[in-house]
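# Commentary on secondary and tertiary structure
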Amino acid sequence: MSDSKKHTHEEVRLMKGNEAIAHAAIRCGCDGYFGYPITPQSEIMETLMDEEPWNSTGMVVLQAESETSSINMVYGAASCGKKSMTSSSSPGVSLMQEGISYIAAGELPCLIVNVMRGGPGLGTIQPSQADYFQAVKGGGHGDYKLITLAPASVQEMADHTVLAFDLAFKYRTPAMILADGIIGQMMEKVILPPFQPRLTEEEIRTRMPWATLGKPASRKPNVITTLSLDAQEMEDTNIRLQAKYREIEKNEVLFEEVECEDADYLIIAFGTCARVSQKAVDMARAEGIKVGLIRPITLFPFPTDIISKYADKVKSMLTIEMSAGQMVEDVRLAVNGRVPVEFYGRMGGMNPSPDGVYNALMTKLVNK
Amino acid sequence: MTEEIIIAGFGGQGVLSMGKILAYSGLMQGQEVSWMPSYGPEQRGGTANVTVILSDERISSPVLNSYDTAIVLNQPSLERFESRVKPGGTLIFDGNGFHKFPTRKDINVYRIDATEYSLANNTSKTLNMIILGGLLKVRPIVQIENVLKGLKKSLPDRHHHLLGMNEKALHIGMDLIKKVD
Amino acid sequence: MTTNEIINPANLVYAKTKVMNDTPMHYCPGCSHGVVHKIIGEIIDDMGVQENTIGIAPVGCAVFAYKYLDIDWQQAAHGRAPALATAVKRLLPDRLVFTYQGDGDLAAIGTAETIHACNRGENIAIIFINNGIYGMTGGQMAPTTLHGMKSSTSPNGRTVPLNGHPLDITKLLAMLDGTCYVTRQAVHNVAGVRKTKKAIRKAFENSMLGKGTSIVEVVSTCSSGWKLTPEASNDWMVENMFPAYPLGDLKDL
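Described in the following lines is the structure provided in the data block. (Residues numbered from 1 in each chain as written. Chains lettered and ligands numbered in written order. Predicted model: local features only at pLDDT ≥ 70, side-chain atom pairs only at ≥ 80, totals over all residues.)

## A look at the overall build of chain B
Heads up, the condition is: Under the DSSP-based scheme used, a helix requires at least four consecutive residues in state H or I and a strand at least two consecutive residues in state E, with every element numbered from the N terminus. With C-beta atoms placed from the backbone, a residue is labelled by how many other C-beta atoms lie within 10 Å of its own: buried for 20 or more, exposed for 12 or fewer, partly exposed between the two. We call two residues in contact whenever the C-beta atoms placed from their backbones are within 7 Å.
Counting its secondary structure elements, chain B contains 6 helices and 7 strands. Each helix and strand of chain B, ordered N terminal to C terminal, gives the series β-α-β-β-β-α-β-β-α-α-α-α-β. By residue count, 49% of the 181 residues in chain B fall in the buried class. The long-range fraction of contacts in chain B, counting pairs at least 24 apart against all pairs at least 6 apart in sequence, stands at 60%.

Here is the structure:
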């Protein structure tokens, strides 16, 4: 390792969101990364390959032949109780959905990063948030959920990598970082998380007794399977999964509340759209218009309660997304008809500008 | 203080790295910074641009409608960004290959013929540093010493012998830039 | 012999390996899977690696392989076993890691995973059961279904214009630089069983020695899918499958 790669964790560094994820993964004791190149997130694997963590922490990094393979490599690694991850962008994440469903059904912890680009189809390489439904409603087959984190800064790309793994292992369920191309590609200041050693095999055997590491004489075989031909048995699995998701909803909701206390109007936005909306809020506040911003940090579990609370206080709400309007449905469910919930978004790789959000605020809410 | 800058030109003119050096310079003087590129294949020969924000406060949107300063290095970029400079703001252009020129009277327009100079003096490798020097002459948003520190930080060790050449380029740019009335 | 004489350990001539448990198998009479399972169990026992083995089960009839052999198992999505095995072996290089896959799993939906795992030379063993048909889903055409062979999706026999040619994927895998041992065997008679056991043992040893990828194809019967008795299935296999998929080593480095 060259000197330039040795950094103390207190150091403020400037890097892309994608690079921050790679560095954070190494530092938080990730055992394996399996990926396939796709813009706008290829810097994650490129950074890992350049850092060569197999020489420092022992982390395995492998470029697979497809996203299908990547996610199934993660499935194999996670089945061994190993801290494993993959990353991709929208079309690649679509290709992973079968594997993600297996991982959720197998109750395995892992991290999937989606740095979203404009779709549908091959689409563009420009930023998007149009995979919200796919991420939070369960993009593959069957009833399952992903813990979904929505970073809005390079710092959060690093922090969420650590948090996503912690939550995934706490609940034995896959977690997703749902970022957009802007957060992946932009450079900002970041303080990387401290180094944690990778778990030893003994630690894995103690903490994850279900892991398939090889069967000692003292226990029965561990089998990771998602097949139950008996429908009653499969329903029992579903009941257990649903109970877990309710527990996650109860314990793990994260959001940021900005200038909501006296607000007449509320903007709800995540990721880059929350940053853009913040500027629009500043513009409106300068004109004396009382606008607040709620930024969901977890998209599943969704911050339903706080939005519901404000539905009794504000005149109307506006959801801003880089999509045709997906999260707005969850906002409307939280509001349940009490106040109007409007939507403004751009699609296909275009992103709302501060002026665009400000104008939507004025025409759809304030001057309506 | 917040400075919102767009730098735009052809891929290969060093647009993204100029933005990066600026961002590192801001970092060196303890500012909040964001560097948001247009990314992808357009980096390779097409038009590339990067938005750099330096601020003493937390930066909200990395995506902007209008800019305090625009540095445009080709004709399409001038056409795209001239109208988006804030009134009273700054527009810097490298006149090489331009057939239409800035027309706005409510902004400060500067011309820096860095490409022409570089072709004559074989300094193409530091073209973007010459232009950055010009920017710092008319908008001293970061100190030269912080630019050099930032440069050292962003360059791999094997390129550190080029620091002197880059510093010289900054000073060339400071001499080259001219106000257009 | 009296019962007491029979159960006297001194008179023991055969004992089932302890790696194989007593769960009744779901395989049809005459199916090759049971024999190959037993062979694998015996080898794991002989090599003393029961605590050190991770098997990857496929989708297909052998999806339930994990019910019968007492080792740690992962059950992959259809075709993806080599991807899982890749990750497991790379994270746990001192373990014995093998996949157990059928022809649909390995040679159709999992072609990419198979070829790339072999091409990277992953230190895994791949046990490939080729019976030319989709058994589990009810006898549909497989990539290895022979010319003219009937299946529920080629009811009048496989034809080239409609279905293309049978895929000899094992031959393809032997061409790849990452494979160290590629062989084709069958368990239709005692000699065949012995040879297959030797082949799988070598494949497992290669995995532990880090020599690259080993593939043992076992040309197999599917009496239900072929709609033949177990005995007739064996004969049909010898007559029709062996000419298309000749037994023997394709590569042994």
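## Overview of the overall build of chain C
Rules: Just to be clear, the radius of gyration here is over C-alpha atoms, and the globule rule we use is 2.2 Å times residues to the power 0.38.
A tally of helices and strands in chain C yields 10 helices and 9 strands. For chain C, whose C-alpha radius of gyration is 18 Å, the value lies close to the compact-globule estimate of 18 Å for 253 residues. Across its three principal directions, the C-alpha atoms of chain C cover 60 × 45 × 30 Å. Burial analysis of chain C (253 residues in total) assigns 54% to the buried set. If you take every contact in chain C between residues at least 6 apart in sequence, the share linking residues at least 24 apart comes to 68%.

## As for the pairing of strand β5 (residues 110-116) of chain A
Looking along a regular strand, one sees the side chains alternate between the two faces of the sheet. All names here are of chain A. Going by this rule: For two strands to count as paired, DSSP must find a minimum of two bridges between them.
Of all 7 residues that make up β5, 7 are buried, and the element is covered over most of its length. One ladder, built from 4 bridges, connects strand β4 (residues 84-88) with β5; its direction is parallel. Pairing of T86 across the sheet is with I112, part of β5. The sheet contact formed by β5 and strand β7 (residues 174-180) spans 7 bridges and is parallel. Among the inter-strand pairings, I112 is bridged to a residue of β7, identified as M176.

## Describing the packing of helix α3 (residues 81-91) of chain C against helix α5 (residues 111-120) of chain C
The line we're drawing: Axes here refer to lines fitted to C-alpha atoms; in helices the fit is confined to the stretch in contact. Angles between the N-to-C directions go from 0 to 180 degrees.
Running from amino to carboxyl end, α3 of chain C crosses α5 of chain C at an angle of 35°, the nearest separation of the two axes being 7 Å. Where α3 of chain C approaches α5 of chain C, its residues P82, A83, A85 and T86 of chain C are matched on the opposing element by E113, T114 and A117 of chain C.

## Details of the interface of chain B and chain A
As a reminder of what qualifies: Each residue receives one of three labels: charged for Asp, Glu, Lys and Arg, nonpolar for Ala, Val, Leu, Ile, Met, Phe, Trp, Tyr, Cys and Pro, and polar for the others, Gly being one of them.
At the junction of the two partners, chain B supplies 18 residues and chain A supplies 22 residues. Contributions of two or more residues to the side of chain B that touches chain A are made by α1 (15-28) and β2 (32-37) of chain B. In the side of chain B that touches chain A, the residues fall into 11 nonpolar, 5 polar and 2 charged. Where strand β8 (residues 187-191) of chain A meets β2 of chain B, 2 bridges bridge the pair, whose relative direction is antiparallel.

## Observations concerning the arrangement of the chains
The chain pair with the greatest number of contacts, out of 2 pairs of chains in contact, is formed by chains A and C. Of all C-alpha pairs spanning chain B and chain C, none lies closer than 28 Å, and the two are not in contact.

## Here's the deal with the interface of chain C and chain A
The interface is formed by 29 residues belonging to chain C together with 32 residues belonging to chain A. Elements with a contribution of two residues or more to the side of chain C that touches chain A: β1 (53-57), β2 (72-75), α3 and α5 of chain C. Residues that form the side of chain C that touches chain A fall into these classes: 15 nonpolar, 7 polar and 7 charged.

## Some thoughts on the packing of helix α1 (residues 17-27) of chain A against helix α2 (residues 43-51) of chain A
All names here are of chain A. Spelled out, the test is: Reported orientations rely on four angle classes, namely roughly parallel under 35 degrees, roughly antiparallel over 145, roughly perpendicular from 65 to 115, and oblique for the rest. Note on convention: the crossing is left-handed when the near helix lies turned anticlockwise from the far helix by less than a right angle, right-handed when the turn is clockwise.
Remark: α1 packs on α2, axes separated minimally by 8 Å, with the N-to-C direction vectors making an angle of 45°. One finds that α1 runs oblique with respect to α2. The handedness of the crossing between α1 and α2 is right-handed. Residues N18, E19, I21, A22, H23 and I26 of α1 pack against E43, I44, T47, L48 and E51 of α2.

## Comments concerning the sheet that holds strand β7 (residues 178-180) of chain B
Spatially, the 9 strands line up as an open sheet ordered β1(A)-β8(A)-β2(B)-β3(B)-β1(B)-β4(B)-β5(B)-β6(B)-β7(B), and their pairing is mixed. This sheet does not close on itself; its edge strands, each paired only once, are β1 (12-16) of chain A together with β7 of chain B. Averaged over all pairs of adjacent strands, the angle between strand axes in this sheet comes to 25°, irrespective of strand direction. Here strand β1 (residues 2-10) of chain B runs beside strand β3 (residues 47-55) of chain B; their pairing, made up of 9 bridges, is antiparallel. If you follow E3 of chain B over to β3 of chain B, its bridge partner there is L54 of chain B.

By themselves, these observations are geometric and do not establish any function.
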